[in-house]
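Residues per chain, in single letters:
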Amino acid sequence: MLRFLLVRLLRALLTVLGCATLAFFVLRLSGDPLVALLPTDSPAELLERYRVLWGLDRPLPEQYLRYLLALARGDFGRSLVDGRDALGLVIERAGATLQLGGTVFALAILIGVPAGTVAALRRGRPSDYLTMSAAIFGYAMPNFFLGLLLILLFAMQLRLLPSSGYGTPAHLVMPAITLGTAVAAKLARFVRTSVLDVLGQPYVRTAHGKRLGSLAVIVRHVFPNAAIPVITFLGFELGLMIGGAVVTENVFGWPGIGQLLVVSVARRDLAVVQTVVMVIAVSVVSANLAVDLAYGWIDPRVRVAGGRHAG
Amino acid sequence: MPDAAPAAFPAPAAPAVVSPVLAVRDLSVAVGEGLAVDGLDLSLAAGETHCLVGESGCGKSLTCLALMGLLPAGARCRSAGLTIDGRDWAYRQGRPPPGLAMIYQDATASLDPVMTVGRQIAEALPPDLPARARRREAEALIAQVGLSNPRARFGAYPHELSGGMNQRIAIAMALAGRPRVLLADEPTTALDVTVQAQILDLLLAVQNSTGAALLFVTHDLGVVAQIADRVSVMYCGSIVERAPVATLFAAPRHPYTRGLIDSLPQISRPAARLASIPGRVPAIGARPPGCRFRPRCDRALARCGREAPVLDGTGPRGAVACFNPT
Amino acid sequence: MQQQPLISASGLVRSYRASRAGLLRRGPEVRAVDGVSFAIRAGEAFGLVGESGSGKTTVGRMVSATLRPDAGTVALLGEPFAEPMPLARRAKVQAVFQDSLGALNPRLRIGRQLEEPLIVHGIGAAERRVRIDGLLADVGLPRSLLLRYPGEVSGGQRQRVLLARALALRPDLLVCDEPVSALDVSVQAQVVNLLADLKTRHALTLLFISHDLRVVRHLCDRVAVLFAGRIVESGAVAEVIGSPAHPYTRALIRALPADRPGPRRTAARAIAAAPDLATQDLATQDLAIPDRATPDGAGCAFAARCAAATPTCRRSAPVLRSLSAGHEAACHLVAAR
Amino acid sequence: MPADLRLAARLALPARRPAPLVVLSAALFLGLVLLAAAGADLLAPHGFAEQHLDARLQPPWLAGGTTDYLLGTDTLGRDILSRILFGARTSILVAVGGTGFGFLLGTSLGFAAAHWRGWCEEAVMMLVDMQAALPTLVLALAVLAFLGNSLPLLILLVGLDGWERYARLTRGMVLSARESGYVLSMRIVGAPAWRIHLLHILPNIAGALIVQATLNFPHTILLEAALSFFGLGVQPPATSLGQMLGLGRAYLINAWWIAVFPGSVIFLTTLSMCLVGDWLRDRLDPTLAREPGAGRP
């Protein structure tokens, strides 16, 4: 147990370290943040002073080491714009993102799992075609376009919902639909495939042979087996959902991490961008770690040694 | 055309079948464009071991699945009547008849990988049993199929057991429904010979103690020789010969039966060359007109190409579907 | 016996880490093959019999130099046979496997697959065509098959294609791993006969790996019985099957289905009644179940199932001992008799 | 697999009949988009940057506009139809280039990881993990903002999305192919490793890889569109569908057509690609559907 946990944990740490390194070099090598930050006609002495202040005058390897050491201390640096603690800024915004993400995940599961299951069970019938057509529409729809269409219809034409902002449940409706549509659609498609796959397994036939009711077969045999790939899928999906959240938050002015990212990118606020990237990387890696552990809990056959790469 | 059904039971040299525990008349299974099982009649007496033997693609597995009502989607089935234990069973795919239980070829694949074997057995017990009794019953069944330490085995998962042990679990599961008829579809094909011998042993022991009839599907004539009371030889969806086992081996009448018996390598009498049947089983869509065995047959007559023989049980030595039997 | 063997294996050992393990522990190391030695003379058909997990396939892979032994060597005419080696030498040992569908590339036409070994060995196009015609005639396949894909032909035909491909390089030794197990009886008989014909026609030496003693009895001159990675008995086929010495060999033979219906159910009862045999599962996998495992490395691997086992059997592993000319068995009890 | 289940699997497969109408129309639409993108110079009634300041914010023809500007004009009086044609060219160029880059990178690394096990495999899988942990959109936003942008860089970044899926898929399939009988047979014959990989393994896994690329393509289009939507993709005066959508966002109330037409083209293109990809997957590779993460976005 310990060995497996340690191996997985080490791998996760290495991944995060890799991401940190990548973020550091890509951002640091991409030009002098000061040039972008300070007025173009700033005197050279001023530039030099800030350079020393932020340690930008040291050799790159030293900067990198200092950066890593600071990270290890939990010090993510300060915003180059207003001098506030970068991690604090990000955490301040995390609540809104979690609220949106949590709603979307719950919605996606509530819609995607039943829809996919019904489609698989009624394979080839009208309900299957209907569900899967809806799913493919949701899956192909660009979320920023969907967001705009929703605003056009509900905020501008019907004046039912606020077009942007944060705070009330009404504010949550359109962002959640925008982000949730694609996730639910993908989940429905994936659940359908998994359930179909399980339905074709010999043990399902065995269960029918025992004269259990159809419902019992589905609940006791089909679901537990189909859940295994679906959980992996959800772990994978988190990373993609974050990308979608960045878009959605910006379309609806939702004050989450995604909006912070885009604003900081526009302001060239290095420390904040780095911090956002790290926070996202850590959440995705932890989600995948959690999925790996959930595997062991739900699947007694679970294999060790990078089994999830084997696919 | 003579009605083949009455000839199917009782076969003259077999132990007299008073009232069959399972009887099916004119069973056909259609798959795609052709009939994978074509007008099959079958009856089993209580305690009888009936072997259904044939090569792959002859429809023997589908026969079992059709009886169980577990045909794969896309296969259609029709029969003139199914009687179980004297009662007619109005039968429909997706609804396995009571009194029937099946054992499958690949035991490990036929068990749910994420449920303990004990719970899978308990699930098959009659639904009115209280929970505590279910567990006791399941453990008793695990012991009955010869596994040690049933309490511990109850909580084991299929992947923790060997293929032979899983087949024992599958047998326990089949017994849990207190079947009158056990259908066994190549239950030992995937197993090693030593394990096969034990599973056969167990099946016969179980049959003795429960009095159930056993329909045993196999391609291995050696197994047939060892366990069968009566044998039905299938070719291309139809039964071509049916006889008590001793009669069948001593004097096979259908050329196909003879070919099968001769091509079986024997441990006690090695020959320089094995006899073999030329050609191979035709695909469902490519079956010849008339007798389906004609292209591979060395005794074919002109008539064989024109009309298909039906199973004729009027002779003294079992039933055969051939115009030129030996 | 004076003649130098065509191929000889000595002291082959190969371990695997069990692929399946619990969430938390790594699988234990399993010795799939544990000190296997044998020699095959030119022109001989040598059978290797064992149940699943006995290590017979691993031995076949090592003999065909596609798997490196952890210890021990394979020698062809006295010289080591192992990668890397010249192509010409590589060609001397070819192989045919059970899963004929898996052994053929599903995306290439059969003709191309027959040609491939010849291309690899630098044989010109004209010569290739002649050789392929010869091969097709050898294994009794029509030319029309060359344009088909493996999925489009029957199992028996595929097995013939495999035989043709293996013979394309004119090998001295053909390793056959369960070549007929997946076939129907009537087709199996055809392929067994074909193998016997090819062996005579091309002066082939065969290493025939099978779980089926009945087929081995027909095809082979000598046989070795493998149990848990070790040879427990070997000798001329007639002798080993006619008078088996090792309790495991006897169990195997008793477990065979009857040739003909005799007094009902004798074979099944024989096992239960045999005084020297336990009636437990004999599958080697069951050895892994903790409540039946023998302590690692010590004693006879079969002792746990052997009703006649003595304390000696559990303490020390028996070695192969000669019983009569060419007939050997590894059993303390046999040696004592 | 038992015989009866093999049969069931065969029955469950869609029969080899021609593609359904929906898929045909999807393919037809994709063909039209390609044609339009390729022939934008000939087809476009106006130049994509051509401003008609006297005809700003013209509505589409059927919504009260003129036939001069079939789909209306934007705030600078540029013809929407012409801009869609040219924008589609950029979007498709980026998506095709990006998919191609990701495909090559991913499959090569996948092959490398499978062939040189050990540290090479570890390194590749670490990169795969990293890529999976950093959403491409986030990475691309950061990189484009700080590195400045150019079309090649955009293509590379968009291509980074999905390479890890090809790498994972390739490695898995090569590893299992190496255990297969046909590879073993070629090794016994003495075939060299390059021959086994290129002539024997590649044809067997190509189908699955192509399907994966087809399924990944819509995601690549969407990624480009999202980046351009944020103003970080293609820079004016060049245009792309996502950029148009981003610009139109501010005029939703007065001039819905600026955003809605390019948005619809993006949607219909991705939808068509998904339909074709699904069909290809069912035809070529029914097992791929089981891959976690396959067929995303």
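Since the structure is predicted, the reported quantities are computational estimates derived from the model, not experimental observations. (Residues numbered from 1 in each chain as written. Chains lettered and ligands numbered in written order. Predicted model: local features only at pLDDT ≥ 70, side-chain atom pairs only at ≥ 80, totals over all residues. Heavy atoms only, no water.)

### A short note on the overall build of chain B
Note the cut-off: Counting from the N terminus, the helices are DSSP H or I runs at least four residues long and the strands are E runs at least two residues long. For the radius of gyration, the atom set is restricted to C-alpha positions; the globular benchmark scales as 2.2 Å times the number of residues to the power 0.38. Relative accessibility under 20% of the residue-type maximum defines a buried residue, over 50% an exposed one, and the middle range a partly exposed one, all with a 1.4 Å probe and only protein chains included. Residue contacts are defined here by distance: any two heavy atoms, one from each residue, within 4.5 Å place the two residues in contact. His is not counted here, nor are the chain ends, while Lys and Arg score as positive and Asp and Glu score as negative. For the purpose of locating charges, the reference atoms are NZ of Lys, CZ of Arg, CG of Asp and CD of Glu.
Along the backbone of chain B there are 10 helices and 12 strands. In terms of overall dimensions, chain B is globule-like: its C-alpha atoms have a radius of gyration of 20 Å, near the 20 Å expected for 326 residues. The principal-axis extent of the C-alpha atoms belonging to chain B is close to 65 × 50 × 40 Å. Expressed as a percentage of the 326 residues in chain B, the buried residues total 60%. A fraction of 65% describes how many contacts in chain B between residues 6 or more apart in sequence connect residues 24 or more apart. Across chain B, the mean location of the 32 positive side-chain charges is 1 Å away from that of the 27 negative side-chain charges.

### Considerations on the packing of helix α5 (residues 86-121) of chain A against helix α11 (residues 257-267) of chain A
Residue and element names in this part refer to chain A. Heads up, the condition is: Here an angle of 0 to 180 degrees is reported between the N-to-C directions of two axes, which are lines fitted to C-alpha atoms, with helices fitted over the stretch in contact. Roughly parallel covers angles under 35 degrees, roughly antiparallel covers those over 145, roughly perpendicular covers 65 to 115, and oblique covers all other angles. By the convention adopted, Pro, Cys, Tyr, Trp, Phe, Met, Ile, Leu, Val and Ala count as nonpolar, Lys, Arg, Asp and Glu as charged, and the other residues, Gly among them, as polar.
α11 packs onto α5 with a crossing angle of 135° between their chain directions and a minimal axis gap of 7 Å. Taken together, the axis directions place α5 and α11 in an arrangement best described as oblique. Across the interface between the two elements, L89, V90, R93, A94 and T97 from α5 touch I257, G258, Q259 and L260 from α11. For the contact of α5 with α11, a count of residues per class yields 5 nonpolar, 3 polar and 1 charged.

### Details of the interface of chain A and chain D
Condition: Buried area is calculated as the accessible area (1.4 Å probe) missing from two parts once they are joined, with the contributions of both summed. Here a salt bridge means any side-chain nitrogen of Lys or Arg lying within 4 Å of a carboxyl oxygen belonging to Asp or Glu. In protein, a polar contact requires one atom able to donate a hydrogen and another able to accept it; more generally it is a pair of N or O atoms within 3.5 Å, and residues adjacent in sequence count only if both atoms are side-chain atoms.
The interface is formed by 59 residues belonging to chain A together with 58 residues belonging to chain D. Between chain A and chain D, roughly 5300 Å² of surface is buried when both sides are summed, and carbon and sulfur atoms account for 73% of that area. Taken together, the links from chain A to chain D amount to 3 salt bridges. Among the salt bridges present, the one from R11 of chain A reaches E122 of chain D, with a minimum N-O distance of 3.8 Å. Taken together, the connections running from chain A to chain D amount to 4 residue pairs in polar contact (both at pLDDT 80 or more). Only α1 (2-29), α6 (126-140), α7 (143-157), α8 (169-199), α9 (202-209), α10 (214-252), α11 and α12 (270-298) of chain A provide two or more residues apiece to the side of chain A that touches chain D.

### Points about helix α3 (residues 110-120) of chain C
Most of α3 of chain C sits inside the fold, with 8 of its 11 residues counted as buried. For α3 of chain C, the full list of buried residues reads I110, G111, Q113, L114, E116, P117, L118 and V120 of chain C. In this structure, the buried side of α3 of chain C is in contact with α2 (87-90), α4 (125-139) and α5 (155-167) of chain C together with α9 (181-189) and α10 (193-229) of chain D. In the stretch just after α3 of chain C, G122 of chain C is the one whose phi turns positive, near 65°.

### As for the side chain of H218 of chain C
As for its placement among the helices and strands, H218 of chain C is situated in helix α7 (residues 213-219). Those residues in contact with H218 of chain C that sit more than four places away from it in its chain are P265, Q266, P270, A271 and L274 of chain B.

### Overview of the domain arrangement of chain B
Residues and elements named next belong to chain B. Selection rule: Domain start and end points were adopted from an automatic or database domain assignment.
When cut into domains, chain B gives domain 1 (17-99 + 180-281) and domain 2 (112-178). On a C-alpha basis, the centres of domain 1 and domain 2 stand 26 Å from each other. Counting residues at the interface gives 12 residues for domain 1, matched by 10 residues for domain 2. Buried surface at the junction of domain 1 and domain 2, summed over both partners, amounts to about 830 Å²; 73% is from carbon and sulfur atoms.

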